[in-house]
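What follows is the residue order along each chain.
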Amino acid sequence: MMTFCFTGIRSLPKFWKSNPYLSVGPGHSYFSLFLKDYCGIRNQQKWFSLKAVSPQNTKAVNLLIAKARYLRKGDEGSNQVFSDSHLFAAGAAKKRSQMNTNREDHGLPPVRNTIQLPTRPLNSEEWDKFKEDFKGKANFESWIISQMAHCHSSIDVAKSLLAWVAAKNNGIVGYDLLVKYLYLCVFHKHISEVIDVYEIMKARYKRLEPGGYTLLIQGLIHSDRWKEALLLLEDIKKVMIPSKKNYNDCIEGALLHQDVNLAWNLYQELLGHNLIPMLKTLKAFFDFGKNIKDDQYSNKLFDILLYLRNNHLYPGESFAHSIKTWFESVPGEQWKGQFTTIKGSGQCSGCGKTIESLHLSPEEYEFLKEKIMRDVIDGGDQYKKTTPQELERFQNFVKCCPPFDIVIDGLNVAKTFPKARESQVLLHVVSQLAKQNLQLLVLGRKHMLTQHSRWRKDEMKKVQKQASCFFADNISADDPFLLYATLHSGNHCKFITKDLMRDHKACLHDAKTQRLFFKWQQGHQLAIINRLPGSKITFQHIPSYDTVVQTTGDSWHIPYDEDLLERYSYEVPTKWLCLHRKT
């Protein structure tokens, strides 16, 4: 038997014979495989109750929030946590998850079904033997190349596989195998091999699937034939909008080969398609601009920072270092940067400047209120879990009440301590807040008024004496009621729930309104952080500043993500880059 073990894929075309099947563009992407009540109605008084009117007490609310920023000294040994960070701080969700995880031993993790891939090139006999060991695999060749791609096997081993396949199939190597081999070439930066595969594909196929184009572009930009990647980008445009990664790679290639005008043109084209650029794309522009004194180029980089601000995007740690390096490198500008944090007061720990307030302006508040009323309360999907009649009843109820200081999601708060009686937990929270002379509204469901082991009537009556209450139908959702009551009460009103309102944010149709909603939410949502029932209520503190890129002209403050800290999409960074110009 002849053995085929090529020294380069350049010898592969001689095995490539004409085949009608191969003349049709491939249909499968490699990515899927390895890239990985009205208050005047007396007979309905049961379902809502009004507390005797007391003056609005915003001072007490503010004091309550201020106290929430620190643990009481006497409680330092308790299970209270998180008071040094706010509800939306990066990593807070993961900490909460870890605190709530059952710590019992679940035993050893299941053993994965792993295989030992070849570590050297195999000849034909060896590949035949290797295939015999995996008879259960319907398509051994496709399966093994996927494993090799996943494990980033060496090029030589993958090449010997392709030679073996070609020898068995009259010189034919399928597209699936070829594109996965291309992935390995790109991963290992074997540029000459990328070009060989490119030539084969160019001769063999009239078109490729998106994964193939993406790999070729990614590989070609590092060669002296990098401009051919732009031709591939044009091919993609004929059938679809290129991905942001396609644009990123072409921009990277242009900057790598010093064609900065082309890079900026591609960047504007990307934005024109309403694509959000990859952060590595933006980082590349800052890296390229190091030590360059060019006002036009500098202004474009400032525009990138404003783009981050307007889209609530945060650079990673490496990107933040690139921004700092660029500022400090611009000849004659005398910028100085430092990595720092922001104090609870909203002052930068580095330079002492005050960060922008999280408080919405009257204009912003009215705009947001109108949008939420229209898109979430009136135009959302709340009628799937309530009725127009009940919602109208609630709106009339709220109109008959004085503005509230705090709106409480009763069911959510009652479940703060799973092992405690729910009505007892709710009464404890309401009682402590009532002592602050606050105007309270408790939102709940009708089943909470029915005697039960978890709900005692006498305790719920005490709740109703200290707060106004509205109990919706048991199938109703609380959130629309909570949002309506809070917004209707005014910008001072806070609300208590652990629900992060992501579904309702999604009902807002434009990015500006979503950003305003999140800004309002951060400044108005209170979360209880006590770990033991019956202890004094402590809230996670509400930040006073807005976590967003900002400038005063002679200073920039840029929040950034730490490399080793997991941040969910609804959280914000806690680390900042402070830049100021020396005077």
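Predicted, not measured: the structure shown is a model, and the values here were computed from it.

(A) Summary view of the overall build of the chain. Per the secondary structure count, the chain includes 23 helices and 10 strands. Counting the 583 residues in the chain, one finds 51% classified as buried.

(B) Local environment of the pattern of salt bridges. All chains considered together, the criterion is met by 29 salt bridges. A salt bridge links Lys-168 to Glu-141, with the shortest nitrogen-to-oxygen separation between them at 2.9 Å. Within this pair, whereas Lys-168 is found in helix H6 (residues 155-168), its partner Glu-141 is found in helix H5 (residues 140-151), the two being separated by 27 residues in sequence. In this structure Lys-168 comes out as partly exposed when scored by relative accessible area, which is 39%.

(C) How the structure looks around helix H15 (residues 317-329). Taking 1.5 Å as the rise per residue, H15 with 13 residues should run 18 Å; its terminal C-alpha atoms sit 18 Å apart, in good agreement. Turning to H15, its buried residues are Phe-319, Ala-320, Ser-322, Ile-323, Lys-324, Trp-326, Phe-327 and Ser-329. For H15, the elements touching its buried residues are helix H13 (279-288), helix H14 (295-310), strand E2 (335-340), strand E9 (555-560) and strand E10 (575-581).

(D) Representation of the nonpolar core in the model. Judged by nonpolar contacts, the single largest core of 86 residues is most densely connected at Ile-144, Met-201, Phe-285, Leu-305 and Ile-323. It is helix H7 (residues 175-187) that contributes the most residues to this core, 10 residues altogether. One finds Tyr-365, Leu-368, Val-398 and Ala-485 within the second-largest nonpolar core, a separate group that totals 32 residues.

(E) Focus on the packing of aromatic side chains. Enumeration according to the criterion identifies 30 aromatic pairs in this entry. Pairing Phe-302 with Trp-556 gives two aromatic rings, centres 5.8 Å apart and planes at 15°, and the pair type is stacked. Here Phe-302 is found in helix H14, whereas its partner Trp-556 is found in strand E9, with 254 residues between them in sequence. In this structure Trp-556 comes out as buried when scored by relative accessible area, which is 5%. When the ring of Phe-394 is compared with that of Tyr-484, the centres are 6.0 Å apart and the planes differ by 65°; the resulting orientation is edge-to-face. Here Phe-394 is found in helix H17 (residues 388-399), whereas its partner Tyr-484 is found in helix H21 (residues 479-489), with 90 residues between them in sequence. Residue classification places Phe-394 among the buried residues on the basis of a relative accessible area of 0%.

(F) Region of interest: the packing of helix H11 (residues 244-256) against H13. Relative to each other, H11 and H13 sit at 10°, their axes nearing to 9 Å. Taken together, the axis directions place H11 and H13 in an arrangement best described as roughly parallel. Contacts between H11 and H13 involve Asn-248, Ile-251 and Leu-255 from the former and Lys-280, Thr-281, Ala-284, Phe-285 and Phe-288 from the latter. Among the residues making up the contact of H11 with H13, the classes are represented as 5 nonpolar, 2 polar and 1 charged.

(G) Region of interest: the environment of Gly-352. Secondary-structure assignment places Gly-352 in the loop between E2 and helix H16 (362-378). Linking Gly-352 and Ile-342, residues 10 residues apart in sequence, is a C-alpha distance of 9.1 Å.

(H) Main features of the sheet that holds E9. One open sheet accounts for 4 strands, arranged E2-E10-E9-E8; its pairing is antiparallel. Each edge of the open sheet is held by one strand with a lone partner, namely E2 and strand E8 (550-551). Looking at chain direction, E2 and E10 are connected through 6 bridges and run antiparallel. Bridging from a neighbouring strand, Phe-339 pairs with Leu-577 of E10.

(I) Local environment of the confidence of the model for the chain. Per-residue confidence for the chain gives a mean pLDDT of 82, with 78% of residues at or over 70. Predicted confidence for residues 1-45 stays below pLDDT 50, and this span has 103 contacts to residues more than four positions away or in other chains. Across residues 68-83, where pLDDT falls below 50, the model places 31 contacts with residues more than four positions away in sequence or in other chains.

(J) Expanded view of the pairing of strand E5 (residues 468-472). Counting buried positions along E5 gives 5 out of 5 residues, so the element sits mostly inside the fold. Burial along E5 is two-sided: Ser-468, Phe-470 and Ala-472 facing one way and Cys-469 and Phe-471 facing the other are all buried. The pairing of strand E4 (residues 440-445) with E5 spans 5 bridges and is classified as parallel. Across the sheet, Val-442 pairs through a bridge with Cys-469, a residue of E5.

(K) Representation of unusual backbone geometry in the model. Phi at His-152 takes a positive value of approximately 55°, unusual for a residue other than glycine. Here His-152 lies in the loop between H5 and H6. Accessibility expressed as a relative area gives 30% for His-152, which makes it partly exposed.

(L) Spotlight on the environment of Asp-128. Residue placement: Asp-128 occurs in helix H4 (residues 124-132). A C-alpha to C-alpha distance of 8.8 Å links Asp-128 and Trp-164, two positions 36 residues apart in sequence. Among the polar contacts made by the side chain of Asp-128, one reaches the side chain of Trp-164 at a distance of 3.0 Å.

(M) Inspection of the pairing of strand E3 (residues 406-409) at higher detail. Across the two faces of E3 the burial is the same, with Ile-406 and Ile-408 and Val-407 and Asp-409 all buried. As paired elements, E3 and E4 share 4 bridges and run parallel to each other. In the sheet register, Asp-409 faces E4, and the bridge partner there is Leu-443. Across 3 bridges, E3 lies against strand E6 (residues 494-496) in parallel orientation. Looking at the pairing, Ile-408 lines up with Ile-496 of E6.

Rules of the game
- Residues numbered from 1 in each chain as written.
- Predicted model: local features only at pLDDT ≥ 70, side-chain atom pairs only at ≥ 80, totals over all residues.
- Heavy atoms only, no water.
- Helix = DSSP H or I, 4+ residues; strand = E, 2+ residues; numbered from the N terminus.
- Buried < 20%, exposed > 50% of the residue type's maximum accessible area, 1.4 Å probe, protein only.
- Salt bridge = Lys/Arg side-chain N within 4 Å of Asp/Glu carboxyl O.
- Expected span 1.5 Å × (residues − 1).
- Contact = heavy atoms within 4.5 Å.
- Core = buried A, V, L, I, M, F, W, Y, C linked by side-chain atoms within 4.5 Å.
- Phe/Tyr/Trp six-rings, centres within 6.5 Å; stacked < 30°, edge-to-face > 60°.
- Axes fitted to C-alpha atoms, helices over the stretch in contact; angles between N-to-C directions.
- Parallel < 35°, antiparallel > 145°, perpendicular 65-115°, else oblique.
- Nonpolar A, V, L, I, M, F, W, Y, C, P; charged D, E, K, R; others polar.
- Pairing = 2+ DSSP bridges.
- pLDDT = per-residue confidence, 0-100.
- Polar contact = N/O pair within 3.5 Å; in protein donor to acceptor, adjacent residues only side chain to side chain.

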